[in-house]
Amino acid sequence: SMCRHPYSAQWRHFARHCPNLVSESDKDKDGNAKSVKVYLDYQPELHQESKIHKYESLADLWSTWYTDYLDVNEFPRLMIRYEDLLFYPTEVVTAVCKCGGGKLINADNGIHHVEESAKKGHYKKGTPVGVVSAIIRYGKEDHRTDTMTQEDLSYARGAFSSDLMDLFHYSHPE
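Definitions and limits used
- Here, residues in each chain are numbered from 1, in the same order as that chain's written sequence.
- Given that the model is predicted, a residue must reach a pLDDT of at least 70 before its local features are reported, and side-chain atom pairs must reach 80 or more before they are shown or counted; all residues, however, enter totals for whole chains, interfaces and linings.
- Computation of side-chain values: all heavy atoms of the structure, hydrogens and water removed.
- Definition used in this section: a nonpolar core is a set of buried Ala, Val, Leu, Ile, Met, Phe, Trp, Tyr and Cys residues joined via side-chain atoms within 4.5 Å.
- For each residue, the accessible area found with a 1.4 Å probe, counting protein chains only, is set against the maximum for its type, and the residue is called buried under 20%, exposed over 50%, and partly exposed in between.
- Numbering of helices and strands starts at the N terminus; helices are DSSP runs of H or I of at least 4 residues and strands are runs of E of at least 2.
- Residues are treated as being in contact if the distance between any of their heavy atoms lies within 4.5 Å.
- Only strands that DSSP links by at least two bridges are regarded as paired with each other.
- The rule for a disulfide is simple: a pair of cysteine sulfur atoms within 2.5 Å.

Trainee: I would appreciate a short explanation of the nonpolar core in the present structure.
Mentor: In summary, soluble globular proteins display a tendency toward joint burial of nonpolar side chains. Core analysis: the biggest nonpolar cluster contains 14 residues, and Ala 9, Trp 11, Leu 21, Val 38, Leu 58 and Leu 61 have the highest contact counts within it. Every element with two or more residues in this core is listed here: β4 (38–42), α1 (58–71) and α5 (150–159). Counting residues per element, this core draws most heavily on α1, which supplies three residues. Once you skip the residues sitting within four places of it in the chain, Leu 58 turns out to touch Met 2, Trp 11, Pro 19, Leu 21, Val 36 and Val 38.

Now the structure itself:
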């Protein structure tokens, strides 16, 4: 998702090599690929000036971002994996409603995905958007790592927080 819509994150990546966790050309003194730094420009609190945060890689950004949310005690939060909402919408929305003290309205008809993209904007002509393309893109493990190098995959095993990976029930590709 970040490869297609990087939001405020900036890092060197290409369609053929994304997320580009490590550089194909930049090596350390031992010949190991260096991680690709990520810069995120965001406003940390309402009415504060935006500032740039630097991360060692996209894996570091992901781990830091979600760890920060988990560490907050000032307010309750609900974290939902996108793939769960995509593949199990009725179960997820029902649980969210129950968590908030409500119930799913019109539950007999179930949840229906909207075919169009919820994100309005400029897309290349012919670019698939919406729920069907998301299911095709994320529903199979076959092509999840097509744009990653072996160095990216090796780096990912050590760079993603194992606690978060376990918490969200993610596993590294073989």
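Trainee: Would you explain the sheet that holds β4 in this entry?
Mentor: Consider a sheet: its strands pair through backbone hydrogen bonds, and that pairing is either parallel or antiparallel. Pairing within the open sheet is antiparallel, and its three strands lie in the order β1-β4-β5. Looking at strand neighbours, the two that pair on one side only are β1 (9–10) and β5 (51–55), the edges of this open sheet. Bridge analysis of β4 against β5 gives five bridges, and the strand direction is antiparallel. The residue bridging Tyr 39 from the neighbouring strand is Lys 54, located in β5.

Trainee: Where do I start with the state of the cysteines in this structure?
Mentor: In protein structure, a disulfide is the covalent linkage between the sulfur atoms of two cysteines. Across all of its chains, the model carries one disulfide by this definition. Linked covalently through their sulfurs, Cys 3 and Cys 18 form a disulfide whose S-S length is 2.0 Å. Because the torsion about its S-S bond is -100°, the bridge between Cys 3 and Cys 18 counts as left-handed. Linking Cys 3 in the segment before β1 with Cys 18 in the loop between β1 and β2 (22–27), this pair joins segments that are 15 residues apart in sequence. Residue Cys 18 is classed as buried on the basis of its relative accessible area of 5%.

Trainee: What am I meant to see in the pairing of β2 here?
Mentor: Across a regular strand the side chains alternate sides, sitting on one face of the sheet and then on the other. Summarising the sheet, β2 and strand β3 (residues 33–35) pair through two bridges and their orientation is antiparallel. The partner of Val 22 across the bridge, within β3, is Ser 35.

Trainee: What exactly am I supposed to notice about unusual backbone geometry here?
Mentor: With the exception of glycine, most residues fall at negative phi, and the peptide bonds are largely trans. The phi torsion at Asn 20 lies on the positive side, around 55°, for a residue other than glycine. Locating Asn 20 in the fold gives a position in the loop between β1 and β2. Although it is not a glycine, His 169 adopts a positive phi angle of roughly 60°. Note that His 169 resides in the segment after α6 (162–167). Judged by relative accessible area, which is 68%, His 169 ranks as exposed.

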